[in-house]
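Residue-level listing of the chains:
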Amino acid sequence: MGAPLTELENCMKTMMLIFHKYASGDENQSKLTLSNNELKKLLNEELKTFMKAPTDPAAMKTLMDQMDINGDKEVDFQEFIVMVSSITILCNEYLVSCLKKK
Ligand SMILES: [Ca+2]
Ligand SMILES: [Ca+2]
């Protein structure tokens, strides 16, 4: 890549790199998807301010089921991005409501 990336492009690149870092955590490296444990690790380490991974295994399973749109028991990049977008939308709504109060 020649020209330097813009802030938004960097942001997108970071999302890809973070997903790849956690998705390649287990033995199945040919399949870049997040297992239950990898997802938990990602949430705890990368999303700890906005959203904590549930400590209760049943709640964690519910979250995993919600994210796993195609039902293969793993979270792929597309499913990950859907989750990040949903959290971002919620955060933006909160931000807008805070700005309105001022
Ligand atoms: Ca994996
Ligand atoms: Ca899936």
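Preceding this section is the structure that the text describes.
Residues numbered from 1 in each chain as written. Chains lettered and ligands numbered in written order. Predicted model: local features only at pLDDT ≥ 70, side-chain atom pairs only at ≥ 80, totals over all residues.

Novice: With reference to specific residues and values, describe the packing of helix α1 (residues 7-23) against helix α2 (residues 36-46).
Specialist: Two elements in contact, α1 and α2, have axes separated by 9 Å at closest approach and are oriented at 135°. Regarding the angle of α1 to α2, the classification is oblique. Note on packing geometry: the crossing formed by α1 with α2 is right-handed. Facing Ile18, Tyr22 and Ala23 of α1, the residues of α2 in contact are Glu38, Lys41, Leu42 and Glu46. Grouping the constituent residues of the contact of α1 with α2 by class yields four nonpolar, no polar and three charged. (Axes fitted to C-alpha atoms, helices over the stretch in contact; angles between N-to-C directions. Helix = DSSP H or I, 4+ residues; strand = E, 2+ residues; numbered from the N terminus. Parallel < 35°, antiparallel > 145°, perpendicular 65-115°, else oblique. Left-handed = near helix turned anticlockwise from the far one by under 90°. Contact = placed C-beta atoms within 7 Å. Nonpolar A, V, L, I, M, F, W, Y, C, P; charged D, E, K, R; others polar.)

Novice: Before we move on, could you go through the nonpolar core and cite the residues and values that matter?
Specialist: With nine residues, the main nonpolar core is built from Phe19, Tyr22, Ala23, Leu34, Leu39, Leu42, Leu43, Val75 and Phe80. Listing elements by their share of this core, those giving two or more residues are α1 and α2. Other than its neighbours up to four places away in sequence, Leu39 contacts Leu34, Met64 and Val75. (Core = buried A, V, L, I, M, F, W, Y, C linked by C-beta atoms within 7 Å. Buried ≥ 20, exposed ≤ 12 C-beta atoms within 10 Å, placed from the backbone.)

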